[in-house]
Amino acid sequence: MDAQGRGRADDIDPADQWVLNPNTGDYELRLPPSPPQSGVPSPRRPPAPDAAPPARGRRQAPGRPGPETPGRPVPPRRRRGAPEEPLPGRRGRRPAKKAARGKKALLWTGGAMAFVLVAGAGAAYFYIEHLNDNIASVSDDGASTGGFQKDKAINILLIGTDKRTGKGNESYGDSGSVGHADTTILLHVSKDRSNATALSIPRDLIVDVPDCPTTQEDGSQKIIPGTPQARFNTSLGQDGRTPSCTMRTVTELTGVKPDNFMVADFNAVKTLTSAVGGVEVCLGKDIDDPDSHLKLSKGTHTIEGEQALAFVRTRHAVGFGGDLSRIGLQQQFLSALMRKLKSNDTLTSPSKMLDLAEAGTKALTVDSQLDSIGKLKDLGLELGKLDTKNLTFTTTPVIDNPAEKVKSTVVLNESTAPQVFDMIKNDVSFTAVKDKKKKEAAAVAARLKGSKAPASEVRVRILNGGADPGSAQETLSWLQVEEGVTKSENAGNAPAALAKTTLEYAPDQADQARRLADIMGLSGSAMKPGESVENAQGVPAMTLTLGKDFKGAGASLTAPSKAPEGVQKSTADKVECAE
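Residue numbers here run from 1 along each chain, matching the order of that chain's written sequence. Given that this is a predicted model, residues contribute local features only at a pLDDT of at least 70 and side-chain atom pairs are listed and counted only at 80 or more, while totals for whole chains, interfaces and linings are drawn from all residues. Calculated side-chain values reflect all of the structure's heavy atoms, with hydrogen atoms and water omitted.

Trainee: Summarise helix H4 (residues 243-254); cite the residues concerned and give the values.
Mentor: If you check H4, its first and last C-alpha atoms are 16 Å apart, about what 12 residues at 1.5 Å a residue would give, namely 16 Å. Under the scheme applied here, a residue whose accessible area is under 20% of the maximum for its type counts as buried, over 50% as exposed, and between as partly exposed, the area being computed with a 1.4 Å probe on protein chains only. Counting from the N terminus, the helices are DSSP H or I runs at least four residues long and the strands are E runs at least two residues long. Judged by how many residues are buried, H4 sits mostly within the fold: 10 of 12 residues are covered. Those residues of H4 lying buried are Pro 243, Ser 244, Cys 245, Thr 246, Met 247, Arg 248, Thr 249, Val 250, Leu 253 and Thr 254. Phi turns positive, to about 85 degrees, at Gly 255, one or two residues after H4. Helix span, expected: 1.5 Å multiplied by one less than the number of residues in the helix.

Trainee: Could you give an account of the packing of helix H5 (residues 267-275) against helix H6 (residues 305-313), naming the residues involved and the relevant values?
Mentor: The axes used here are C-alpha line fits, helices contributing only the stretch in contact, and every angle between their N-to-C directions lies in the interval 0 to 180 degrees. At a minimum axis distance of 8 Å, the contact between H5 and H6 shows a crossing angle of 125 degrees. It follows that H5 is oblique to H6 by the angle criterion. Relative to H6, the crossing made by H5 is right-handed. Residues Val 269, Lys 270, Thr 273 and Ser 274 of H5 form the contact with H6, whose participating residues are Gly 305, Glu 306, Ala 308, Leu 309 and Val 312. Three categories are distinguished: nonpolar for Ala, Val, Leu, Ile, Met, Phe, Trp, Tyr, Cys and Pro, charged for Asp, Glu, Lys and Arg, and polar for the others, with Gly belonging to the last. A per-class count over the contact of H5 with H6 returns 4 nonpolar, 3 polar and 2 charged. Any angle between 65 and 115 degrees counts as roughly perpendicular, while under 35 counts as roughly parallel, over 145 as roughly antiparallel, and the rest as oblique. Working rule for handedness: look at the near helix, and if it is turned counterclockwise from the far one by less than a right angle, call the crossing left-handed; if clockwise, right-handed. Should any heavy atoms of two residues lie within 4.5 Å, those residues are considered in contact.

Trainee: Run through the side chain of Asp 259, naming residues and quoting values.
Mentor: Examined against the element boundaries, Asp 259 turns out to sit in the loop between H4 and strand S11 (260-264). Just so you know, the count uses Lys and Arg for positive and Asp and Glu for negative, and it drops His and the chain ends. Here a salt bridge means any side-chain nitrogen of Lys or Arg lying within 4 Å of a carboxyl oxygen belonging to Asp or Glu. We note that Asp 259 is buried and unpaired, the nearest opposite charge coming from Lys 152 at a distance of 7.8 Å. Counting of polar contacts relies on pairs of N or O atoms within 3.5 Å, with two restrictions inside protein: one atom must be capable of donating a hydrogen and the other of accepting it, and residues adjacent in sequence are counted only when both atoms are side-chain atoms. Among the polar contacts listed, one links the side chain of Asp 259 to the backbone nitrogen of Asn 155, at a separation of 2.7 Å. Filtering out sequence-adjacent residues up to four positions away, Asp 259 remains in contact with Ser 144, Thr 145, Gly 146, Gly 147, Phe 148, Ala 153, Ile 154 and Asn 155.

Trainee: Just give me the short version of the packing of helix H13 (residues 471-481) against helix H14 (residues 510-520), but keep the residues and values in it.
Mentor: Close contact between H13 and H14 brings their axes to 12 Å; oriented N to C, the two are set at 105 degrees. The pairing of H13 with H14 is recorded here as roughly perpendicular in orientation. Packed against H13, whose contacting residues are Thr 475, Trp 478 and Leu 479, the element H14 presents Leu 516, Ile 519 and Met 520 at the interface.

Trainee: Describe the packing of aromatic side chains, listing the residues and the values that go with them.
Mentor: In this analysis, rings of Phe, Tyr and Trp, with Trp reduced to its six-membered ring, are considered paired at centre separations within 6.5 Å, and the interplanar angle assigns stacked below 30 degrees, edge-to-face beyond 60, and tilted for intermediate values. Within the structure shown, the criterion is met by 1 aromatic pair. For the pair Phe 311 and Phe 333, a centre-to-centre distance of 6.1 Å together with 40 degrees between the ring planes defines the contact as tilted. Linking Phe 311 in helix H6 with Phe 333 in helix H7 (residues 323-341), this pair joins segments that are 22 residues apart in sequence. Of the two residues, Phe 311 and Phe 333, neither departs from the other in class, the shared state being buried.

Here it is in structure tokens:
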């Protein structure tokens, strides 16, 4: 707890409370004494086994002159704000090094109010217990994967609610809102951490909200009935739904099961932008929006606090005046905020990092798998590896709801949305990232190159390894009747489920494998050089195992390699001006 939290030293900068301990060489939190309380003794090493016992008597108050220790000069009292002189023979550590340590721990999270909340929390874990007390958590109710893992791709669901809690927020819009999912972003970070995609989900998108098992305040479980053809934002707050229900809705919509979720309200944008000293945004025209109370002229501006909140809430003055236009504005704002968070101006300022830690942890609600500063720090170390130039913002492809005469909601664009979802599921980047494993990628692609055996010569056993029941038989019939692969057979269920469909073959069956891959739309990564097996006739055959990604006989299993035409996207490293 800092000095302000203890009701004293109101004019003390938190950064000045971190001083050098000459015994350890580390910076430590020191609180000044006050008359009602005893002074906080300086940290000291435990005495050596042969050291003399300490002298009894009055303890020396911190910062006051006292008897010198033989052979070691007593450091002079340091003025507040002045750097402490290192002792002779020992080099002091510089605060900038501590900030650099935090650079790796920046967390790129999302939602107009949740996206970057834990940037400070991951960086400033100096006073862990205090920050832990700030963090609120709710159960994921089994809707997540169980939490992110360091050796896998990461999917974080980031939700900004429209709940008007907090000072000064009751005047915005619906003051009685239960807290709907007003801004939602699915943040996907690639397995190799080279790229990421932030997919915005429109609040007015029509979806099927599923039944949601939900933990109640008394610890009991209640299933909240689902709602077909409802607005996406009702997946949170409505009928007592918690963030775990939004998580289930996203899984139903995209096919991607999030690892964790993070939620924040309006206060996050205000406190975070103030903590970093404002964020620079660009406008391509003058904006005067009486609804959001935003009034800015064309050009660049540094905004924070209430003005920053007005910026991310405005919609009538940008684009077509709807929620989709506001999403684009929010994405531009988040890019600017991340650039500011990653700048040296922020990372080398201990006071800003402490302010960020306080702001982030107080405004944040996380799932029960991510409920400590230690876990947030681990996530930050993973996400901090990402270069902002390879973070792409995009929006779920939608069209106006054809069932409405007065357009107020949207539905999925079925011609492009499935491809966007597939790219995320298959860990495909939306940006051109230099592949560190070009040789390996070339070798995988080479499996598809070469001669192909006639379909009539392809021998294959088909196993169901996680696809829908009956998929093996369906595929067998299609291959034999439609594609002429007559030497194929249904071998039943695989011994274990697979996430993706695979084709294993011996070296002398490569031409057969290439033909079957061409027929089924298999990628090079689905082809697994290995061994053949004997089929029912005792003849060597390949093994095709249908995984959870199998979409049905005749449906290609090759993941898209780039975003579909017409899908708008931007990257976090570029400055864009709102129109």
